[in-house]
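Working through the structure, step by step
Residue strings, one per chain:
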Amino acid sequence: QVQLVESGGGLVQPGGSLRLSCTASGIISSINTMGWYRQAPGKERELVATIISSTNYADSVKGRFTISRDNAKNTVYLQMNSLKPEDTAVYSCNYYAIRVGVRNNYWGQGTQVTVSS
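Overview of the structure. Remember, it's a predicted structure, so these values are computed and weren't measured experimentally.

Attention shifts here to the sheet that holds strand 8 (residues 75-80). Pairing is antiparallel in the open sheet, where 4 strands are placed in the order 1-3-8-7. Every other strand in the sheet has two partners, leaving strand 1 (2-7) and strand 7 (65-70) as the edge strands with one partner each. The sheet shows a mean angle of 15° between the axes of neighbouring strands, taken without regard to direction.

Looking now at the pattern of salt bridges. The full count for this structure, using the stated rule, is 4 salt bridges. With a shortest N-O distance of 2.7 Å, Arg38 and Glu46 are connected by a salt bridge. The exposure class assigned to Glu46 is partly exposed, which follows from its relative accessible area of 35%. For Arg64, the salt bridge goes to Asp87, with nearest N and O atoms at 2.7 Å. Of this pair, Arg64 sits in the loop between strand 6 (55-57) and strand 7 while Asp87 sits in the loop between strand 8 and strand 9 (89-99), placing them 23 residues apart in sequence. The exposure class of Arg64 is buried, given its relative accessible area of 10%. One connected set of salt bridges, linked through shared partners, spans Arg38, Glu46, Arg64 and Asp87.

Parameters at a glance
- Residues numbered from 1 in each chain as written.
- Predicted model: local features only at pLDDT ≥ 70, side-chain atom pairs only at ≥ 80, totals over all residues.
- Heavy atoms only, no water.
- Pairing = 2+ DSSP bridges.
- Helix = DSSP H or I, 4+ residues; strand = E, 2+ residues; numbered from the N terminus.
- Axes fitted to C-alpha atoms, helices over the stretch in contact; angles between N-to-C directions.
- Salt bridge = Lys/Arg side-chain N within 4 Å of Asp/Glu carboxyl O.
- Buried < 20%, exposed > 50% of the residue type's maximum accessible area, 1.4 Å probe, protein only.

Okay, structure coming up:
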(Lines give C-alpha, C1' and ligand atoms only; values in the text may rest on other atoms or scores of the structure.)
Protein backbone atom coordinates (compact mmCIF):
# COMPACT_ATOMS: atom_id res chain seq x y z
CA GLN A 1 0.00 0.00 0.00
CA VAL A 2 1.11 3.53 -0.81
CA GLN A 3 -0.50 6.68 0.54
CA LEU A 4 -0.16 10.03 -1.22
CA VAL A 5 -0.71 13.35 0.51
CA GLU A 6 -0.89 16.49 -1.60
CA SER A 7 -0.66 20.13 -0.65
CA GLY A 8 -0.22 23.54 -2.23
CA GLY A 9 -3.36 24.18 -4.23
CA GLY A 10 -5.35 27.37 -4.02
CA LEU A 11 -6.56 30.47 -5.78
CA VAL A 12 -4.13 32.51 -7.84
CA GLN A 13 -4.42 35.31 -10.37
CA PRO A 14 -3.50 34.77 -14.02
CA GLY A 15 0.25 35.01 -14.44
CA GLY A 16 0.84 33.88 -10.88
CA SER A 17 2.61 30.85 -9.48
CA LEU A 18 1.83 27.92 -7.24
CA ARG A 19 3.84 24.97 -6.02
CA LEU A 20 2.22 21.62 -5.42
CA SER A 21 3.77 18.92 -3.24
CA CYS A 22 2.96 15.23 -2.94
CA THR A 23 4.53 12.94 -0.37
CA ALA A 24 4.31 9.19 -0.64
CA SER A 25 4.41 6.85 2.33
CA GLY A 26 4.10 3.12 2.78
CA ILE A 27 5.90 0.48 0.74
CA ILE A 28 7.85 2.58 -1.77
CA SER A 29 9.68 0.90 -4.61
CA SER A 30 13.15 2.18 -5.34
CA ILE A 31 12.17 2.67 -8.99
CA ASN A 32 8.87 4.41 -9.44
CA THR A 33 7.16 6.98 -11.57
CA MET A 34 5.43 9.88 -9.90
CA GLY A 35 3.41 12.49 -11.63
CA TRP A 36 0.61 14.99 -11.72
CA TYR A 37 -2.65 14.77 -13.57
CA ARG A 38 -5.53 17.22 -13.67
CA GLN A 39 -9.22 17.20 -14.33
CA ALA A 40 -11.23 20.27 -15.15
CA PRO A 41 -15.04 20.34 -14.82
CA GLY A 42 -16.66 18.48 -17.69
CA LYS A 43 -13.36 17.21 -19.02
CA GLU A 44 -11.42 13.98 -18.79
CA ARG A 45 -8.38 13.66 -16.58
CA GLU A 46 -5.18 14.52 -18.42
CA LEU A 47 -1.50 14.10 -17.80
CA VAL A 48 0.36 17.20 -16.67
CA ALA A 49 3.85 15.88 -15.96
CA THR A 50 5.63 12.75 -14.83
CA ILE A 51 9.10 12.01 -13.52
CA ILE A 52 11.25 8.96 -13.04
CA SER A 53 14.75 10.26 -13.52
CA SER A 54 13.68 11.88 -16.77
CA THR A 55 10.64 14.14 -17.09
CA ASN A 56 7.65 14.25 -19.38
CA TYR A 57 5.26 17.18 -19.84
CA ALA A 58 2.00 17.87 -21.57
CA ASP A 59 2.48 20.30 -24.44
CA SER A 60 0.11 22.75 -22.77
CA VAL A 61 2.40 23.23 -19.76
CA LYS A 62 5.87 22.97 -21.31
CA GLY A 63 7.98 25.97 -20.42
CA ARG A 64 5.65 27.00 -17.58
CA PHE A 65 5.54 24.00 -15.23
CA THR A 66 8.47 22.12 -13.72
CA ILE A 67 8.24 18.74 -12.04
CA SER A 68 10.95 17.62 -9.63
CA ARG A 69 11.41 15.04 -6.92
CA ASP A 70 13.26 14.50 -3.68
CA ASN A 71 13.78 10.75 -3.40
CA ALA A 72 15.01 11.00 0.19
CA LYS A 73 11.63 12.47 1.13
CA ASN A 74 9.55 10.44 -1.36
CA THR A 75 8.15 13.75 -2.48
CA VAL A 76 7.34 15.13 -5.90
CA TYR A 77 6.81 18.81 -6.62
CA LEU A 78 5.08 20.71 -9.39
CA GLN A 79 6.18 24.31 -9.78
CA MET A 80 3.56 26.11 -11.83
CA ASN A 81 4.42 29.51 -13.27
CA SER A 82 2.61 31.84 -15.66
CA LEU A 83 -0.67 30.24 -14.71
CA LYS A 84 -3.64 30.65 -17.02
CA PRO A 85 -7.37 30.34 -16.35
CA GLU A 86 -7.36 27.14 -18.41
CA ASP A 87 -5.03 25.59 -15.83
CA THR A 88 -7.94 25.57 -13.38
CA ALA A 89 -8.57 21.97 -12.35
CA VAL A 90 -8.25 19.43 -9.60
CA TYR A 91 -4.65 18.27 -9.62
CA SER A 92 -3.97 14.72 -8.49
CA CYS A 93 -0.69 13.06 -7.65
CA ASN A 94 0.04 9.59 -9.02
CA TYR A 95 2.49 6.89 -8.00
CA TYR A 96 3.23 3.97 -10.29
CA ALA A 97 5.65 1.10 -9.83
CA ILE A 98 6.00 -2.58 -10.60
CA ARG A 99 6.83 -4.50 -7.45
CA VAL A 100 7.34 -8.27 -7.43
CA GLY A 101 5.68 -8.39 -10.84
CA VAL A 102 2.59 -6.53 -9.64
CA ARG A 103 1.59 -3.13 -10.94
CA ASN A 104 1.02 -0.61 -8.17
CA ASN A 105 -0.94 2.46 -9.19
CA TYR A 106 -2.06 4.92 -6.52
CA TRP A 107 -3.72 8.33 -6.51
CA GLY A 108 -3.82 11.19 -4.08
CA GLN A 109 -7.04 12.83 -3.01
CA GLY A 110 -6.56 15.81 -5.32
CA THR A 111 -6.00 19.50 -4.69
CA GLN A 112 -7.94 22.34 -6.32
CA VAL A 113 -6.08 24.91 -8.37
CA THR A 114 -8.12 27.92 -9.45
CA VAL A 115 -6.69 30.60 -11.71
CA SER A 116 -8.92 33.64 -11.76
CA SER A 117 -8.82 37.38 -11.40
